[in-house]
Amino acid sequence: DGGITQSPKYLFRKEGQNVTLSCEQNLNHDAMYWYRQDPGQGLRLIYYSQIVNDFQKGDIAEGYSVSREKKESFPLTVTSAQKNPTAFYLCASSIASSYNSPLHFGNGTRLTVT
Amino acid sequence: QKEVEQNSGPLSVPEGAIASLNCTYSDRGSQSFFWYRQYSGKSPELIMFIYSNGDKEDGRFTAQLNKASQYVSLLIRDSQPSDSATYLCAVFRYNTDKLIFGTGTRLQVFP
């Protein structure tokens, strides 16, 4: 079945450590996205990529980094520079970054940093 | 003013009733409008999308768009307890190539 796989589902880290969240899709979608969701807030865009080897910052990119070496994969690294990393992280993809392309979401990774 | 606004709720409706969820947006350049459903602890799933003024129906769901008044609504007919979730409105602005999400409305359908 086609879909988006995020791993792990839960992740616990100590403050000061970098951590990488995995996102893989087999939908053959061109565009991929990372969102962050906090209680009481809408989804906020961290980074997005429309083609391989290219990506753009979203609204809250500080403290995060990404890579897009393969069409299927878009990993997100949460660095120690991110001041409030504890959140629910959602990866999504769409056929193209255009106005009529709905997002398809993975199941999310819940990151807790203590 | 937030770009996309939704009443956080909870909106409580009895089983079998019509649930009406509303969303307003600030940018008149917005072109596409999406409704997602998110169960607690899960990821959002697309319910439907609408681009043109008027109504669009899909099963028990109807999306209504009024660009002049800058609002989009989602009606759920014959509401079921399984419809209890948070409903996210998302608006796409072509000039910025960005999808902006509202904070969601929590719907509770009681038996």
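Preceding block: the structure.
Residues numbered from 1 in each chain as written. Chains lettered and ligands numbered in written order. Predicted model: local features only at pLDDT ≥ 70, side-chain atom pairs only at ≥ 80, totals over all residues. Heavy atoms only, no water.

Visitor: Just to check I follow, could you spell out the interface of chain B and chain A for this structure?
Guide: A common measure of how large an interface is: the accessible area buried when the components associate. Contact with chain B, which involves 20 residues of that partner, is made by 21 residues of chain A. Summed over the shared surface of chain B and chain A, the result is zero salt bridges. Across the chain B-chain A interface, the total number found is three residue pairs in polar contact (both at pLDDT 80 or more). Secondary structure elements with two or more residues in the side of chain B that touches chain A: strand E4 (30-38), strand E5 (45-50), strand E9 (85-93) and strand E10 (98-101) of chain B. For the side of chain B that touches chain A, the element with the most residues is E4(B), which contributes four residues. Taken together, the residues that form the side of chain B that touches chain A break down as eleven nonpolar, six polar and three charged. (Contact = heavy atoms within 4.5 Å. Salt bridge = Lys/Arg side-chain N within 4 Å of Asp/Glu carboxyl O. Polar contact = N/O pair within 3.5 Å; in protein donor to acceptor, adjacent residues only side chain to side chain. Helix = DSSP H or I, 4+ residues; strand = E, 2+ residues; numbered from the N terminus. Nonpolar A, V, L, I, M, F, W, Y, C, P; charged D, E, K, R; others polar.)

Visitor: Sorry, what's going on with the sheet that holds strand E7 (residues 64-66) of chain A here?
Guide: Across a sheet, strands are paired by hydrogen bonds formed along the backbone, either parallel or antiparallel in direction. Residue and element names in this part refer to chain A. Taken in spatial order, the four strands line up as E1-E3-E8-E7 in an open sheet, and their pairing is antiparallel. A strand with exactly one partner marks an edge of an open sheet, and here the two such strands are strand E1 (4-7) and E7. Between one strand axis and the next, the sheet turns by 20° as a mean value, whatever way the strands run. As defined by bridge partners, E7 adjoins strand E8 (residues 76-78) across three bridges and the pair is classed as antiparallel. When the bridges of E8 are listed, Ser-65 appears paired with Thr-77. (Pairing = 2+ DSSP bridges. Axes fitted to C-alpha atoms, helices over the stretch in contact; angles between N-to-C directions.)

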